[in-house]
Amino acid sequence: MTLKLSRRSNIPNFKALDILRMVNERCADGEDIIHLEAGQPCFGAPEPVLEYARKMTINDPKQGYTEAMGMSLLRDRIALYYKDIYDIDIDYKNIAITVGASGAFILTFLSAFDAGDKVALATPGYPAYRNILSSLNIKTIEIETNETTNYQPYVSLLKKLDTKIDGLIIASPSNPTGTIIPDDELKKIVNWCDKNKVRIISDELYQMVSYETKPQTIMKYTDKAIVINSFSKYFALTGWRLGWTVLPEDLTPRVKSLSESLFVSPPTISQHLAYKIFDHTDILDSYVSVYKNNLDILRKELPKSGINKLSNTQGAFYIYADISNLTDNSEEFCKRMIDEAGVACTPGSDFDINRGQKTIRISFAGATEDIKKACERLIKWQN
Ligand SMILES: Cc1ncc(COP(=O)(O)O)c(C=O)c1O
């Protein structure tokens, strides 16, 4: 007897994670493969933060639930962070702590949209947006972008949409291209969305990992957008699974109720760590300098391997490379790269279903030694 499976759970695998799992298994069996596929910092939590966590678990071994929206101490600390970095005032009550940014997507999409609503997003883009939306029966409207709009959904592209949309996801800096929405364009996007009654979801995970100018938070220009952030990237607490969302007033009670029933509370020990990490941003900033150095090495070395059409990475820790001079099957190319060169990266088909067979994403959140070694291997492989 076959029982029913839901149609909405039939979403594609996340290829970067499939490759991460496979490479981990092969490395455990003794193979030497360099990870350029995973979007996770090679650094763990700074030692003083870990020490604090040890103390917390000894002092309070029970570690029970917290409030569903998260500890007010941490929410208050995040509000202070926005005051320090962006000089904006946020009521901590509108901040919800979530299980990674991923948890924030589920809560905010559910609170803002109904099944059948339409949410636009840029391609190439982070695949989980479309997968989560489709599992909630929310329709995704893909906006194909290229370098002429810095791979971002500029108003010139929004104006060309042939359907009314209810929401727009933006990510600046973006995963996979690392490109940023310039400030004047961000204002234009906000105005266009206001005029067209479109709710903006602004993924700001990589804002503190930027190399030229620091992008502006959308909260500078509107109090109606949903802001998503995380402790996984700049804060390097990836596996502690904690993120947050800053909510417009109208969504806060909805997200509170949803959090209570969907998650009860975010992980308690991780919240203590997250609270403490704000005291160590000097260490986190030194991590960003490592990423910048890695980017410089890749920009200089990668072209020697024929991977020479690189995105204009301004933030995050990704290069999106057009490899149409080498293949029109990036999935097969990435497999061969692992088998023949011992380097793993992610095929572009994860981020762009239509055009991704001609692109790859290279993550440079790893150790500099690994980045250098990967370049040597790729140059040797292609020459
Ligand atoms: C753009 C973007 N948003 C969200 C996430 C999910 O982050 P988290 O680990 O906080 O769930 C990622 C992870 O790679 C990402 O790149």
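Definitions and limits used
Residues numbered from 1 in each chain as written. Predicted model: local features only at pLDDT ≥ 70, side-chain atom pairs only at ≥ 80, totals over all residues. Pairing = 2+ DSSP bridges. Helix = DSSP H or I, 4+ residues; strand = E, 2+ residues; numbered from the N terminus. Domains from an automatic or database assignment. Contact = placed C-beta atoms within 7 Å. Axes fitted to C-alpha atoms, helices over the stretch in contact; angles between N-to-C directions. Parallel < 35°, antiparallel > 145°, perpendicular 65-115°, else oblique. Left-handed = near helix turned anticlockwise from the far one by under 90°. Nonpolar A, V, L, I, M, F, W, Y, C, P; charged D, E, K, R; others polar. Near = placed C-beta within 6 Å. Expected span 1.5 Å × (residues − 1). Buried ≥ 20, exposed ≤ 12 C-beta atoms within 10 Å, placed from the backbone. Arc of directions from axis to C-beta.

Caption draft 1: Summary view of the sheet that holds strand 12 (residues 346–347). Pairing in this open sheet of four strands is antiparallel, and the strands run 9-10-13-12 from one edge to the other. The open sheet is flanked by strand 9 (309–310) and strand 12, the only strands paired with a single partner.

Caption draft 2: Quick peek at the domain arrangement of the protein chain. Domain annotation for the protein chain reports domain 1 (15–43 + 281–382) and domain 2 (47–279). For domain 1 versus domain 2, the separation of C-alpha centres amounts to 25 Å. Facing the 27 residues of domain 1 at the interface are 27 residues of domain 2. Contributions of two or more residues to the side of domain 1 that touches domain 2 are made by helix 10 (281–301) and strand 10 (318–322).

Caption draft 3: Local environment of the packing of helix 3 (residues 72–86) against helix 9 (residues 268–277). At a closest axis distance of 9 Å, the pairing of helix 3 and helix 9 adopts a crossing angle of 30°. Taken together, the axes of helix 3 and helix 9 are roughly parallel relative to one another. Between helix 3 and helix 9 the crossing geometry is left-handed. The residues of helix 9 that touch helix 3, namely those facing L73, L74 and R77, are Q271, A274 and Y275. Looking at the contact of helix 3 with helix 9 residue by residue, the class counts come to four nonpolar, one polar and one charged.

Caption draft 4: Seen up close, the site of the ligand. The environment of the ligand is formed by G39, G100, A101, S102, Y126, A171, N175, D203, L205, S230, S232 and G243. By residue number, the principal contributor to the shell around the ligand is helix 4 (residues 100–112), which donates three residues.

Caption draft 5: A look at unusual backbone geometry. At the junction of S172 and P173, the peptide bond is cis and its omega measures out at -5° in the coordinates. Examined against the element boundaries, P173 turns out to sit in the loop between strand 5 (167–171) and helix 7 (183–195). The amide bond that connects N175 to the next residue, P176, takes the cis arrangement and shows omega of 25°. Its location among the elements puts P176 in the loop between strand 5 and helix 7. The residue A236 is not glycine, and still its phi comes out positive at about 60°. With respect to the helices, strands and loops of the structure, A236 is situated in the loop between strand 7 (226–230) and strand 8 (243–246).

Caption draft 6: Region of the structure containing helix 3. End to end, helix 3 covers 21 Å across 15 residues, agreeing with the expected 21 Å (1.5 Å per residue, within 8%). Those residues of helix 3 lying buried are L74, R75 and I78. End-on view of helix 3: buried residues confined to an arc of 105°, all on one side of the axis. In helix 3, those exposed residues whose orientation departs by more than 90 degrees from the buried face are L73, K83 and D84. Elements that come into contact with the buried residues of helix 3 comprise strand 2 (95–98), strand 8 and helix 9. Positive phi appears at D87, one or two residues downstream of helix 3, with a value of about 55°.

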